[in-house]
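# Descriptive analysis of the structure
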Amino acid sequence: MLDLKHSPVLCIGAAHWDVRSQSQEPVRRGTSNPVSVSRYPGGVAHNVAVNVCRLGSKTGLVSRWGNDSAGDAIQSLLTDKGLTVIPLPRSMIYPTATYTAVLEPNGELAFGLADMAIYDDFTEDILAALKSDFKSFPIWFVDTNLPIETLDVLTRWQQGNGFIAADAVSVAKSSKLLSVINRLDLLFCNRDEAAELTGTSLKVESDIVAAGKELILQGARAVIITMGSLGVHLFDGEGHRYFQAKTVDVVDVTGAGDSLIAGTLSGISRGYDLEHSLQLGLATAAFTLKKQGATTEDLRELSVDAIGTV
């Protein structure tokens, strides 16, 4: 087994601008809704990378941006945050991606609007020139905003050379992982994504347990199935364990899943076992739920070592 203690983490995937529209009243379709709007960097790989960095681990980020001011701004901002940004050539075809989240007054997502075409331009020939730069990061995290062909290339590069984790991201995108699942050291998915990956309906806990075991049989070395406030299920060669979610006063659910991933990867990068790493992930998610947005500077206050050695 690889010794991953003190290993830096490389996050590869979506890093773009999020537009957050908070409705003042329950969202009504087919009419105008009064909202307050804010703009900040987001994307799964971005959120995970920033939070891993704020938890104290050396972190790199690889994403694809347009040849525009939005791309200039996000690259500069991420570098200022302390991330090692490995820049890809800018796309001359697509603009920097944007995700618009429309939230209910209680912070729950009403619906999202995604302009993500640029990630289809995230191809092997673009990555190949930077392969040597990736080797200094033993731990890789990828998200399914990447094309299937790119996920195939990256998992082949890393298999046997380090640790690779992936997030299913959404039901629609989760199926991209089916052809590479046997190369994953750790798969993150929620209940709906697990159902899609196994072709089953997950209505009761026994269904979730069966799905997790099936994903292990498909080749993933470990699987984490998240269920929001209902907790988390962990599957690996040692079997199945369930962890309760921490009870908090929720301010904003945006990015909680990404924070759980970040905390877990931060634990792995410190050399913690998977159970203790997941405990850090749960604490990171709970901390994020109490704050506005997917990432927060306050995350630096979290006592990582105390959590990771419980």
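Reading guide: rules and limits
Residues numbered from 1 in each chain as written. Predicted model: local features only at pLDDT ≥ 70, side-chain atom pairs only at ≥ 80, totals over all residues. Heavy atoms only, no water. Helix = DSSP H or I, 4+ residues; strand = E, 2+ residues; numbered from the N terminus. Rg over C-alpha atoms; globule rule 2.2 N^0.38 Å. Buried < 20%, exposed > 50% of the residue type's maximum accessible area, 1.4 Å probe, protein only. Contact = heavy atoms within 4.5 Å. Areas by Shrake-Rupley, 256 points an atom, 1.4 Å probe, with all protein chains shown as cover. Lys, Arg positive; Asp, Glu negative; His and termini not counted. Charge placed at Lys NZ, Arg CZ, Asp CG, Glu CD. Polar contact = N/O pair within 3.5 Å; in protein donor to acceptor, adjacent residues only side chain to side chain. Pairing = 2+ DSSP bridges.

Attention shifts here to the overall build of the chain. A count of helical and extended segments in the chain gives 11 helices and 13 strands. The globule rule puts the C-alpha radius of gyration for 310 residues at 19 Å, and the 18 Å found for the chain is close to it. Residues counted as buried form 55% of the 310 residues belonging to the chain. In the chain, of all internal contacts separated by at least 6 residues, the share reaching a separation of at least 24 is 66%. Carbon and sulfur atoms make up 51% of the accessible area of the chain, which amounts to about 13,300 Å² in all. Within the chain, one finds 26 positive and 36 negative side-chain charges whose respective centroids are separated by 2 Å.

Before going further, it helps to spend a moment on helix 7 (residues 191-198). Considered for burial, the residues of helix 7 that qualify are Glu 193, Ala 194, Ala 195, Leu 197 and Thr 198. Regarding helix 7, its N-cap is Asn 190, as a side-chain oxygen of that residue lies 3.1 Å from the backbone nitrogen of Asp 192 further along. Looking one or two residues beyond helix 7, the residue adopting positive phi is Gly 199, at roughly 65°.

Attention now moves to the pairing of strand 13 (residues 239-243). By the bridge criterion, 5 bridges tie strand 12 (residues 232-236) to strand 13 in an arrangement that is antiparallel. Following the sheet pairing, Asp 236 is matched in strand 13 by Gly 239. Two successive antiparallel strands, strand 12 and strand 13, enclose a turn made up of 2 residues.

A word on the side chain of Ser 23. Take Ser 23: it is sitting in strand 2 (residues 16-23). Side-chain polar atoms of Ser 23 contact the backbone oxygen of Glu 25, separated by 2.4 Å. Setting aside anything within four residues of it in sequence, one finds Ser 23 in contact with Asn 33, Pro 34, Val 35, Leu 103, Glu 104 and Pro 105.

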